[in-house]
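Tertiary structure, described
Read off the chains here:
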Amino acid sequence: MSYPSPPYHYACWGPAGDWRRGHVILAANVDTIPSPPPQNQAAVMVDGLWGGHEWTLYPQPYRHESPYLAWLRLPSKNAASDTLTRPIHKRMWQAHPDKSNVHLVDPGVFSEFKDKVEEVKAAVMDPFHEITTNARFSRIQHPRTAYSRAFEALDRLEKDFEAWRDFVEVVRGLQRNLLELMAFADWWHDIQQGDESRLPSRRSRAPTRGAIFDDEGLYASHARWSIAAYLIIPNNRFILDPDKRVTLLPRTSSRIDAMSIQPLVHSLHLWYHPPHVGDIYADFETAARGYAERLDTFNPTKEFKRMLDKLKNQMADEGTFLFFLDPF
């Protein structure tokens, strides 16, 4: 038996299809619903994004330990001026003055990213402390991996580049981790408001990536927060408004041509590259963020391995911890 209509808001809906057979997917605070992720292994596109697998653009299953990921900001109409989402172009680097076939990041571009890292650092320090000291948040996963990776990427960005692909992947790696940290800060700000009337409306809030829910209560609460929310339910659960039915959109936010095949040897840490996983839907985002096993293996170039060995020896000699040694 079907209920007359859902007891919560939805802006559009469509057959879930390959999301889950025999189900429909409802969406709030968005006008479209993306199709499911491709089942092939991800590749780096020419824009540095991971195509239909790009977890910062497309909604992923809601994770109780990382609720803040639903707050990931999507590119705005002025994305070219936003450090976190700006496209990458060759005006962002310049020829090395003393070495042939070697490039450096443009000083102005590096300065923008350095300032953004400091801005994000300031935004997350208080919530970081609260998360680690307040038992109420004991189940929340501290985004420390994104924090350390952001600083590692900024450090790498300041060094020489021989390959354009490496430059693109470092910039995108830096952007992804800063986006995660900003999502954490935005989530923290919202949950501190208490009174829902003080939360941003959909019109005033920047577009968010959102999350996919199975729990109707969680879906409804995120819909009230003006966060993009998607709910998968059996197709006979409710009678839905036919005027709100939409066709699932293909995942075309990233350029569809791959930059090249996945490298067999790595001149960057493995986390800069899209992970190979057994279950794209369940594990891709978590593996990309460093919290689930990935099936691909780190195989550094000889030059990169020498650099890593040198850093490890330096760490042993000085008794210090270098946060960017972990290739995963």
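Anything mentioned here points back to the structure above.
The structure displayed is predicted, hence computed values, not measured ones. (Residues numbered from 1 in each chain as written. Predicted model: local features only at pLDDT ≥ 70, side-chain atom pairs only at ≥ 80, totals over all residues. Heavy atoms only, no water.)

1. With respect to the overall build of the protein
The helix and strand inventory of the protein stands at six helices and seven strands. Across the protein, helices and strands are ordered from the amino to the carboxyl terminus as β-β-β-β-β-α-α-α-β-α-β-α-α. When each of the 328 residues of the protein is scored for burial, the buried share is 50%. In the protein, the share of contacts with a sequence separation of at least 24, taken over all contacts with a separation of at least 6, comes to 70%. Of the roughly 16400 Å² of accessible surface on the protein, 52% is carried by carbon and sulfur atoms. (Helix = DSSP H or I, 4+ residues; strand = E, 2+ residues; numbered from the N terminus. Buried < 20%, exposed > 50% of the residue type's maximum accessible area, 1.4 Å probe, protein only. Contact = heavy atoms within 4.5 Å. Areas by Shrake-Rupley, 256 points an atom, 1.4 Å probe, with all protein chains shown as cover.)

2. Focus: the layout of surface pockets
Here the second largest pocket is characterised by a volume of approximately 560 Å³. Considering the residues around the second largest pocket, the lining is formed by 18 residues, among which Arg156, Asp160, Ser267, Phe304 and Met307 are closest to the centre. Those elements that place two or more of their residues in the lining of the second largest pocket are α2 (144-157) and α6 (302-318). Of the residues forming the lining of the second largest pocket, the biggest block, four residues, is contributed by α6. (1 Å grid on protein atoms, 1.4 Å probe; cavity = no way out; pocket = protein on both sides within 12 Å on 5 of 7 lines; lining within 4 Å. Points joined across faces, edges and corners; volume = space filled by probe spheres on them.)

3. As for the sheet that holds strand β7 (residues 229-234)
A sheet is described by the order of its strands in space; here five strands give the open sequence β1-β2-β7-β6-β3, paired in mixed fashion. For this open sheet the edge positions go to β1 (12-15) and β3 (60-61), each flanked by a neighbour on one side alone. In this sheet, β7 lies alongside strand β2 (residues 23-28) in antiparallel orientation, the contact comprising six bridges. What sits directly across from Ala28, in β7, is Ala229. Against the sheet, helix α4 (residues 216-224) touches β2, β6 (211-213) and β7, its axis set at about 150 degrees to β7. (Pairing = 2+ DSSP bridges. Axes fitted to C-alpha atoms, helices over the stretch in contact; angles between N-to-C directions.)

4. Things to note about the packing of helix α1 (residues 107-133) against helix α3 (residues 164-191)
For the pair α1 and α3, the least separation of the axes is 9 Å and the interaxial angle reads 40 degrees. Taken together, the axes of α1 and α3 are oblique relative to one another. For the pair α1 and α3, the sense of crossing is left-handed. Seen from α1, the contacting residues are Phe113, Lys116, Val117, Val120, Ala123, Val124, Pro127, Phe128, Glu130 and Ile131; seen from α3, they are Val171, Leu174, Gln175, Leu178, Leu181, Met182, Phe184, Ala185, Trp187 and Trp188. Tallied by class, the residues present in the contact of α1 with α3 amount to 17 nonpolar, one polar and two charged. (Parallel < 35°, antiparallel > 145°, perpendicular 65-115°, else oblique. Left-handed = near helix turned anticlockwise from the far one by under 90°. Nonpolar A, V, L, I, M, F, W, Y, C, P; charged D, E, K, R; others polar.)

5. A word on unusual backbone geometry
For Asn101, which is not glycine, the phi torsion reads 60 degrees and is therefore positive. Relative to the elements of secondary structure, Asn101 occurs in the loop between β4 (93-95) and β5 (103-105). Positioned with a positive phi, Ser226 is a non-glycine residue whose angle comes to about 65 degrees. Tracing the backbone through its elements, the reader meets Ser226 in the loop between α4 and β7.

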